[in-house]
Amino acid sequence: MTLFIYFQPYFHIHMGILKRFLAIVLLLIVLAAAGVFFYLQYLKPDYNAELQLPGLKDKVEVLYDDYGIPHIYAANEDDLFYAFGYVHAQDRLFQMEILRRLADGRLAELFGEKALKSDKFFRTLSFREHARKTIDSLYRDSTLPYVKAAKNYLKGLNHYISTGKTPIEFTLAGIPKTPFEEEDMQIIMSYIGYSFLATFKIEPVATAVYNKLGQQYYQDVMSQWPDSLYRLPVMKSEPDTSTQWLTSISKAVTKIEESLPYPTYEGSNGWVISGKKTKSGKPILSNDTHIQYAQPSVWYEAHLECPGFSIYGNFLAGTPVPALGHTAYGGWGITMFENDDADMYREKSNPANAGQVWFKDHWEDIHIRKETIKVKGEPDLALDVKSSRHGYLLNGVLDETDSIKDPIAFWWTFYQFPSHHLKGFYDLAHARDVNDAAKAVAPLVAPGLNIMWADTAGNIAWWATAKLPIRPTHTDPQRILDGASGNDEILGWYDFSQNPHIVNPARGVLYTANNQPADMGYGLIPGYYVPSDRAERIEELLFNDKSDWTEADSRVMINDVKASSHATLVRNMLSSVDKNALSAAAKQAYELLMKWDGSHGFENTEPAIYYRFVYEALHNAFDDELGKELSVALQNTYSLRRNIAAFCKNDRSLWWDDVHTATKETRGQIMTKSLNAAVSWLEKDLGIDMSKWEWKRVHTITHKHPLGILPLVGKYFNVGPLPIPGGRETINNTSFTLDSTGRYPVNAGPALRRIIDFSDPSTGFSVNPTGESGYFMSRHYDDQAKMFAEGGKRPELMNRKMIEKVMTGKTVFKP
């Protein structure tokens with residue numbers, strides 16, 4: 001006590017110093033935080049500005065509406081695309097940069113060794129080589145209108161790069177700002193084309209199943225995809241030694257795609273209703289493209305206008321022309337055709353010379369191109385890109401394929417011709433009628449697209465656009481082909497006039513949902529078509545006596561979450577269940593599923609039971625024959641999803657027997673076991689009260705930004721999670737991977753929901769999954785996310801007076 005009294009003055013002195021020190025530290029922290037905040041605020045896109053663009057011919061005005069969507073008014077097309085390039089870059093430069101680096105195999109320069117697998121794969125796919133060939137053959141004449149549009153767009157984009165603000169992602173990831181070139185634009189389109197492919201995931205798996213188990217097993221899970229197309233004569237299967245490496249190709253590519261910073265494409269819905277079935281008397285166009293979710297969202301909206309040209313469009317990063325759009329004359333939407341435009345060939349290597357492969361009756365040299373991949377923090381990697389007459393060789397590109405003995409070549413229609421996408425969509429944006437639109441889309445080669453058209457003259461049309469190969473009748477393009485014999489070579493090409501198409505159908509309705517097109521007279525077109533669930537539901541809703549369709553009616557339909565086919569499937573699965581062998585809870589679940597109509601609303605409990613039941617049934621059927629890895633690979637293919645309804649009804653399938661037991665199991669035993677297991681698992685996971693197993697608890701959406709993985713700050717770049725209705729192959733197709741977790745985070749679905757009634761094309765309606773801006777501090781970064789999840793809409797405006805009423809910013813560009 002005496003000591004305390006003695007030192008008390010000193011304690012007071014030191015405590016005073018400590019308090020002042022802590023106050024100073026706190027002040028510095030506050031000042032630093034304020035500095036960071038104001039810096040981040042400064043980086044936001046400036047929508048109120050007057051700027052000079054060197055070489056501009058006349059004044060350009062950009063009006064931003066209440067969702068941050070730019071409406072650009074210019075005196076001529078050159079200025080219009082020049083200004084648009086600048087505006088697009090201001091909102092989405094990081095997205096453009098990541099996309100061109102991904103497509104070009106240059107992510108490792110930023111992210112080091114962990115991006116090397118992706119870089120090796122995409123460098124081998126050689127998109128830049130194809131871009132050079134396209135430019136040399138189609139874009140050397142700088143007076144062509146579409147070439148001028150591209151050059152002016154790039155001029156604006158690069159002016160922003162040199163003079164505009166640096167996105168925060170560039171600073172955090174250490175990305176240098178470098179100009180974009182015409183080749184960059186083309187490699188972006190190449191990646192978009194690649195993202196449509198199912199070849200890498202399906203053909204190795206299909207071949208592995210066939211090789212391992214033979215025709216009888218194979219036909220039960222593959223032969224009805226598409227219906228009746230692959231019912232081939234029984235052929236002797238190859239030795240099982242290939243199964244492991246075949247599975248490894250699919251697994252390796254799946255892993256790469258799961259880690260990509262830019263999404264791949266999954267499908268889409270679209271329909272056109274003619275004026276004779278609408279209240280307005282004019283066609284209604286509805287379109288929702290299905291793409292893996294990411295942030296920023298895939299589509300960028302803009303309204304471009306100058307004398308003689310006005311369009312409201314949805315643009316991909318780094319591209320000057322809209323992939324979706326409408327004008328005062330007409331408009332179009334797209335879905336994936338899903339035609340099989342790629343093959344894999346197994347070559348025969350020369351045992352005396354690894355640089356040669358056999359073809360018909362002689363050895364041919366493998367071509368080698370030297371590439372260098374720069375890796376952050378590591379020495380450069382030398383890569384030999386090898387190719388045969390059938391395409392680029394995958395061996396050694398993926399770590400999982402190092403042990404493959406025979407070269408595997410990747411053949412793709414896209415490589416066989418220059419890309420006409422820029423010209424095709426430029427011409428489509430300028431089309432005045434259905435004839436102009438048909439001419440615009442005819443040269444498109446790959447990827448295959450369904451293009452739906454409607455115009456104010458009352459026409460509706462659909463074209464399946466692609467260059468379709470003629471294959472030998474004996475080949476099964478779902479499996480890896482023989483590159484050595486010469487028997488599996490492409491025989492030629494169909495003329496575009498032979499592609500599936502319909503103009504002004506008598507029924508007054510057209511739709512596409514990635515389903516198998518009808519036979520046009522020369523057989524069904526091979527393809528990776530999705531299950532017919534969405535197509536059947538669209539038919540159910542569209543084809544009736546209703547003759548007063550409105551945009552609002554189409555909006556209800558585009559948000560539909562009922563999958564009648566799922567209800568039919570689960571009743572077929574339950575038909576073989578032994579109710580006496582079910583637990584009490586499983587009996588309750590049985591009754592719920594038997595009454596289920598397939599609805600996937602927020603409050604529905606049946607979807608959680610249904611998907612777990614399907615998961616258990618598929619694993620119980622496949623794991624014993626295939627092993628876990630190949631079983632999972634098969635279950636994640638559209639092939640199985642296409643076949644699942646027929647498979648689950650097939651009492652005679654060999655798959656139901658567990659090869660590890662002495663008894664022969666039946667479909668009924670497997671289904672009974674699976675339902676019991678599903679309900680038992682759900683009770684442990686979600687509780688014993690079945691009424692609490694609501695879909696919204698397990699089915700959510702998060703839009704992930706490439707920097708969302710960063711500690712502490714990453715969560716500010718992501719948007720979500722948000723509960724969302726819908727499910728696999730509902731019209732509102734909010735899809736997911738079926739796995740062991742019992743959670744169904746949405747990884748793909750509608751990338752917009754867009755509807756235009758052509759009685760007034762100046763006001764369409766749409767919604768974006770998150771928002772228009774790519775900058776996380778902007779209010780337009782996520783201002784549509786809740787609206788999207790709940791099925792809402794907002795206008796697509798083209799009337800200047802209406803735009804000015806909701807204008808939140810104005811930028812003026814001057815010469």
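Structure's up top.
Residues numbered from 1 in each chain as written. Predicted model: local features only at pLDDT ≥ 70, side-chain atom pairs only at ≥ 80, totals over all residues. Heavy atoms only, no water.

Teacher, can you tell me more about the sheet that holds strand β13 (residues 362–365) here?
What links the strands of a sheet is backbone hydrogen bonding, and the strands pair in either a parallel or an antiparallel sense. Overall, antiparallel pairing links the 3 strands, which are arranged β11-β12-β13 in an open sheet. Because the sheet does not close on itself, it has two edges, and the strands there are β11 (349–350) and β13. Here 4 bridges tie strand β12 (residues 353–359) to β13, and the two strands are oriented antiparallel to one another. Counterpart to Val-357 in the pairing with β13 is Glu-364. (Pairing = 2+ DSSP bridges. Helix = DSSP H or I, 4+ residues; strand = E, 2+ residues; numbered from the N terminus.)

Can you help me understand the packing of aromatic side chains in this one?
What describes a pair of aromatic rings is the distance from one ring centre to the other and the angle between the planes of the rings. Under the criterion given, the structure shown has 41 aromatic pairs. Ring geometry for Phe-81 and Phe-309: centres 6.5 Å apart, planes at 25 degrees, overall stacked. You can see Phe-81 sitting in helix α2 (residues 77–104) and its partner Phe-309 sitting in strand β7 (residues 309–315), a full 228 residues away along the chain. Residue classification places Phe-309 among the buried positions, given a relative accessible area of 7%. Ring-pair connections join several aromatic residues into one group, and the members of that group are Trp-596, Tyr-610, Tyr-611, Trp-695, Phe-736 and Tyr-744. In this structure, Arg-479 is placed above the aromatic ring of Tyr-210, and the distance from its NZ or CZ to the ring centre is 3.6 Å. In this structure, Arg-612 packs its charged tip against the face of Trp-681, placed 4.0 Å from the ring centre. (Phe/Tyr/Trp six-rings, centres within 6.5 Å; stacked < 30°, edge-to-face > 60°. Buried < 20%, exposed > 50% of the residue type's maximum accessible area, 1.4 Å probe, protein only. Lys NZ or Arg CZ within 6 Å of the ring centre and 35° of its normal.)

How do you make sense of the environment of Gln-588 when you look at a structure like this?
Within the fold, Gln-588 resides in helix α18 (residues 584–595). Here Gln-588 falls in the partly exposed class, since its relative accessible area comes to 44%. Placed 102 residues apart in sequence, Gln-588 and Met-690 show a C-alpha to C-alpha distance of 8.7 Å.

I tried to follow the sheet that holds strand β9 (residues 330–336) on my own but got confused; where do I start?
On the basis of which strands lie adjacent, the open sheet formed by 11 strands has the order β1-β31-β2-β3-β6-β7-β8-β9-β18-β19-β23 and mixed pairing. Either end of the sheet is taken by a strand with one partner, and the two such strands are β1 (49–52) and β23 (501–503). Shown here is a sheet whose adjacent strand axes are inclined to one another by a mean of 20 degrees, direction ignored. Pairing of strand β19 (residues 460–465) with β23 involves 3 bridges; the strand directions are antiparallel. Note on β23: the bridge partner recorded for Ala-461 is Val-503. Helix-sheet contacts for α2 involve β1, β2 (60–64), β3 (70–73), β6 (300–306), β7 and β31 (809–814), and the interaxial angle to β6 is about 160 degrees. (Axes fitted to C-alpha atoms, helices over the stretch in contact; angles between N-to-C directions. Contact = heavy atoms within 4.5 Å.)

Would you take a moment to explain the pairing of β19 for this structure?
Across a regular strand the side chains alternate sides, sitting on one face of the sheet and then on the other. The buried fraction of β19 amounts to 6 of the 6 residues, a majority that puts the element mostly inside the structure. Here β19 shows a buried face lined by Ile-460, Trp-462 and Ala-464 and a second buried face lined by Ala-461, Trp-463 and Thr-465. Pairing of strand β18 (residues 449–455) with β19, which is carried by 6 bridges, proceeds in the antiparallel orientation. The residue bridging Ala-454 from the neighbouring strand is Ile-460, located in β19. Taking the residues between adjacent antiparallel strands as the criterion, β18 and β19 are bridged by 4 residues, where Gly-458 takes a positive phi near 105 degrees.

For this particular structure, what's the right way to read empty space enclosed by the protein?
Any space left empty among the atoms is revealed by the rolling of a water-sized probe across them. The final tally for this structure, using the stated rule, is 8 cavities of 30 Å³ or more. If you add up the space inside the largest cavity, you get close to 230 Å³. Lining the largest cavity are 22 residues, with Met-189, Leu-316, Ala-323, His-421 and Phe-425 sitting closest to its centre. Put simply, the parts of the chain that give the lining of the largest cavity at least two residues each are α8 (182–194) and α13 (421–429). The leading source of residues in the lining of the largest cavity is α8, at 5 residues. Counted by class, the lining of the largest cavity contains 17 nonpolar, 5 polar and no charged residues. Its boundaries defined by the atoms lining it, the second largest cavity holds a volume of some 140 Å³. Around the second largest cavity, the lining comprises 18 residues; the ones closest to its centre are Gln-90, Asp-91, Pro-167, Gly-774 and Tyr-775. (1 Å grid on protein atoms, 1.4 Å probe; cavity = no way out; pocket = protein on both sides within 12 Å on 5 of 7 lines; lining within 4 Å. Points joined across faces, edges and corners; volume = space filled by probe spheres on them. Nonpolar A, V, L, I, M, F, W, Y, C, P; charged D, E, K, R; others polar.)

Before we go on, may I ask you to explain the pattern of salt bridges in this structure?
Note on pairing: side chains with opposite charge can pair once their charged atoms come close. Counted according to the given criterion, the structure contains 47 salt bridges. Two residues, Asp-548 and Lys-546, come together in a salt bridge whose shortest N-O distance is 2.9 Å. You can call Asp-548 partly exposed: its relative accessible area is 38%. For Arg-667, the salt bridge identified is with Asp-651, shortest N-O distance 2.7 Å. Taken as a pair, Arg-667 in helix α21 (residues 667–686) and Asp-651 in the loop between α20 (638–649) and α21 lie far apart in primary sequence, 16 residues in all. (Salt bridge = Lys/Arg side-chain N within 4 Å of Asp/Glu carboxyl O.)

Looking at this structure, how should I read the pairing of β9?
By the criterion of burial, β9 is predominantly enclosed, with 7 of the 7 residues buried. Neither face of β9 is exposed, since Gly-330, Trp-332, Ile-334 and Met-336 on one face and Gly-331, Gly-333 and Thr-335 on the opposite face are all buried. The pairing of strand β8 (residues 324–326) with β9 spans 2 bridges and is classified as antiparallel. Bridged to His-326 within β9 is Gly-331. With antiparallel pairing between neighbouring strands as the criterion, β8 and β9 make up a hairpin whose turn holds 3 residues. Bridging between β9 and β18 involves 7 bridges; their strand directions are antiparallel. By the bridge assignment, Thr-335 is partnered in β18 with Asn-450.

Please clarify how the layout of surface pockets should be interpreted in this entry.
Here the second largest pocket is characterised by a volume of approximately 580 Å³. Lining the second largest pocket are 30 residues, with Pro-531, Asp-533, Arg-641, Ile-644 and Ala-645 positioned closest to its centre. The set of elements that each furnish at least two residues to the lining of the second largest pocket consists of α15 (533–542), α17 (564–574), α19 (606–635) and α20. Class assignment for the residues of the lining of the second largest pocket results in 11 nonpolar, 9 polar and 10 charged.

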